[in-house]
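Below, each chain spelled out in residue letters.
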Amino acid sequence: MGLKILTVDDSKTIRMIVKKAFRPYDVQIVEGENGVEGLALAAKEKPDLIILDITMPVMNGAEMLAKMKEEPDLKNIPVIMLTAEAGKDNVMRIVQLGVKDYMVKPFKGEQLIERVTNIMPLTEKKADAPAEEGGGSKYFSLDGDIQMLAVPAKILRPTIVEVETQLKPKLKEMTSGGIKKMILDLTKIKETNVSLIKLIITILDNSQMAGVKVLTVAGATLGKELKDFQETGNIPIHFSVDDAKAAF
Amino acid sequence: MELAAFDLPTFLRGATQEVFDTMLSMELSEQASQDLCDTNRIVGSVSLAGKISGTINIHVTDPFAHQITANMLGMELDEIDSDEEVHDVIGELSNMIGGDLKSRLCDAGFTCELSIPSITSGKDFCIESRGWAVNERVYFQYQEHIALIEAFIKNGG
């Protein structure tokens, strides 16, 4: 069973960023908007970890933490504090509150994951389990001895994160299973953007490092557009999956 | 240290560029001043109170606010459901920039507290700077979009 993490922040934006950061992992996220809600949820849900903002209306993070420390059931739940203030006095104050760690905004999702894994191990969602909200695993399928990676028509940031997160374990699984061929299927994509280019480069670089040969399939228009980008101009493009299979 | 010696221009530029780069993957370039008074825009504001008082405002045009929201939340522009999402993101940006500035002020001995962000939106309004000990206005550009970041600070509350 996965971890349960409570995120308490008055900003929906920050709660969404936290949720997005944990999406590739087997983690259930519970959300509270202020310290009062946070305390009630902590008592009810008994989370494994709390990610707590300091500056909030109704009851701030420091007050919530002080109240948690008075409760035998809650006082040992590890807390990571989020703060927009990196000043010495503020950091000292946070440390004295008895938190496990703190993060200064702005921060990237990966940095939050790194901090959490210093406290407790995170398990990635199983590659073959159906994932919520377009989990990366649904993009991978095996066709004989060829791993197919079909990129969806619409490239959104969460999709990229999911595909990238699934890629390394998938490559590891492939090489240990003797699968050395992959077809990167871009036929659903109608137009290029920077995110797509970055995703293609990431897939090709990681595959090369893992010793997996990748052939790319794209429609005629996309194939021409990819040729115009410096980063993808040298990638051989096949115009059908069958062509790519034959080329192996 | 006198408040006038506080390097507001450097800190304000640094905080803004770091927040945009880290949270939004947007590299801002500085621009000459522009008149945004008649432009439809969203302003995120936070206030400082303590040994000093002050306010920090971030003005972004409506289209830029939507682009920022999409980048921050990992969405496409057409996936943004409501103004509430946009306002929350701009408020959070002003909180991060204001939080950085507040930390610099506290480290320099100007102990103060930071307010929760507030939002103003519309057009046909200007914010004038009067009676502040130090103030700074910086215009930034990202692609075709313009942002104005301003901070006004004075001694005492």
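A short note on the overall build of chain A
So, point 1. Tallying secondary structure elements over chain A gives 9 helices and 10 strands in all.
So, point 2. Classification of the 248 residues of chain A by burial places 36% in the buried group.
So, point 3. Residue pairs in contact within chain A that sit at least 24 positions apart in sequence constitute 67% of those at least 6 positions apart.

Thoughts on the packing of helix 2 (residues 62-73) of chain B against helix 3 (residues 83-107) of chain B
Residue and element names in this part refer to chain B.
So, point 1. For the pair helix 2 and helix 3, the least separation of the axes is 9 Å and the interaxial angle reads 80 degrees. If you check the angle between helix 2 and helix 3, you find them roughly perpendicular. Facing A65, H66, I68, T69, M72 and L73 of helix 2, the residues of helix 3 in contact are E85, V86, V89, I90 and L93.
So, point 2. Partitioning the contact of helix 2 with helix 3 into residue classes produces 8 nonpolar, 2 polar and 1 charged.

Here we look at the interface of chain A and chain B
So, point 1. With 22 residues of chain A in contact, the opposing surface of chain B contributes 23 residues.
So, point 2. Where the side of chain A that touches chain B is concerned, the elements lending two or more residues are helix 1 (12-22), helix 4 (88-96) and helix 6 (157-176) of chain A.
So, point 3. The element that contributes the greatest number of residues to the side of chain A that touches chain B is helix 1 of chain A, accounting for 5 residues.
So, point 4. Within the side of chain A that touches chain B, the residues separate by chemical class into 9 nonpolar, 5 polar and 8 charged.

Digging into the sheet that holds strand 3 (residues 49-53) of chain A
Residues and elements named next belong to chain A.
So, point 1. In spatial order, the strands read 2-1-3-4-5; together these 5 strands make up an open sheet with parallel pairing. The strands lining the two open edges of the sheet, one partner per strand, are strand 2 (27-32) and strand 5 (101-104). The mean angle between the axes of side-by-side strands here comes to 20 degrees, regardless of whether they run parallel or antiparallel.
So, point 2. Bridge count between strand 3 and strand 4 (residues 79-83): 4 bridges; the pairing is parallel. Counterpart to D53 in the pairing with strand 4 is L82.
So, point 3. Each of strand 1 (3-8), strand 2, strand 3 and strand 4 touches helix 1; the most contacted strand, strand 2, lies at about 175 degrees to it.
So, point 4. Across the sheet, helix 2 (residues 35-45) touches strand 1, strand 2 and strand 3, and the angle it forms with strand 1 is around 165 degrees.

Here we look at the confidence of the model for chain A
So, point 1. When the pLDDT values of chain A are averaged, the result is 85; 94% of them are 70 or greater.
So, point 2. Contacts of residues 128-136 of chain A to residues separated by more than four positions or lying in other chains number 15 contacts, the stretch itself having pLDDT below 50.

Topic: unusual backbone geometry
So, point 1. Between K105(A) and P106(A) the backbone carries a cis peptide bond, its omega angle lying at 5 degrees.
So, point 2. Structurally, P106(A) can be placed in the loop between strand 5 and helix 5 (109-119).
So, point 3. For Q143(B), which is not glycine, the phi dihedral falls at a positive 50 degrees.
So, point 4. Summarising the element assignment, Q143(B) is placed in the loop between strand 6 (134-142) and strand 7 (145-155).

Topic: the nonpolar core
Considering soluble globular proteins, one finds that nonpolar side chains tend to be buried as a cluster.
So, point 1. With 71 residues, the main nonpolar core has L52(A), I58(B), V60(B), I68(B), I90(B), L93(B) and I97(B) as its most contacted residues.
So, point 2. Ranked by the residues each element gives to this core, the list is headed by helix 3 of chain B, at 9 residues.
So, point 3. Excluding anything up to four places from it in sequence, V60(B) contacts R41(B), I42(B), A65(B), I68(B), I90(B) and A147(B).
So, point 4. Listed in part, the 23 residues of the second largest apolar core include Y139(A), M174(A), L184(A) and I189(A).

Some words on the confidence of the model for chain B
So, point 1. With 99% of its residues at a pLDDT of 70 or more, chain B has an overall mean of 90.
So, point 2. Quick note on the complex model: pTM equals 0.67, ipTM equals 0.81.

Observations regarding helix 3 (residues 61-69) of chain A
Because the α-helix completes a turn every 3.6 residues, residues three or four places apart line up on one side.
All names here are of chain A.
So, point 1. By the burial criterion, the buried members of helix 3 are G61, A62, M64, L65 and M68. Along helix 3, the residues classed as buried sweep out an arc of 160 degrees about the axis, all on the same side.
So, point 2. Summarising the contacts, the buried residues of helix 3 are in contact with strand 1, helix 2, strand 3 and strand 4.

Procedures and definitions
Residues numbered from 1 in each chain as written. Chains lettered and ligands numbered in written order. Predicted model: local features only at pLDDT ≥ 70, side-chain atom pairs only at ≥ 80, totals over all residues. Helix = DSSP H or I, 4+ residues; strand = E, 2+ residues; numbered from the N terminus. Buried ≥ 20, exposed ≤ 12 C-beta atoms within 10 Å, placed from the backbone. Contact = placed C-beta atoms within 7 Å. Axes fitted to C-alpha atoms, helices over the stretch in contact; angles between N-to-C directions. Parallel < 35°, antiparallel > 145°, perpendicular 65-115°, else oblique. Nonpolar A, V, L, I, M, F, W, Y, C, P; charged D, E, K, R; others polar. Pairing = 2+ DSSP bridges. pLDDT = per-residue confidence, 0-100. Core = buried A, V, L, I, M, F, W, Y, C linked by C-beta atoms within 7 Å. Arc of directions from axis to C-beta.

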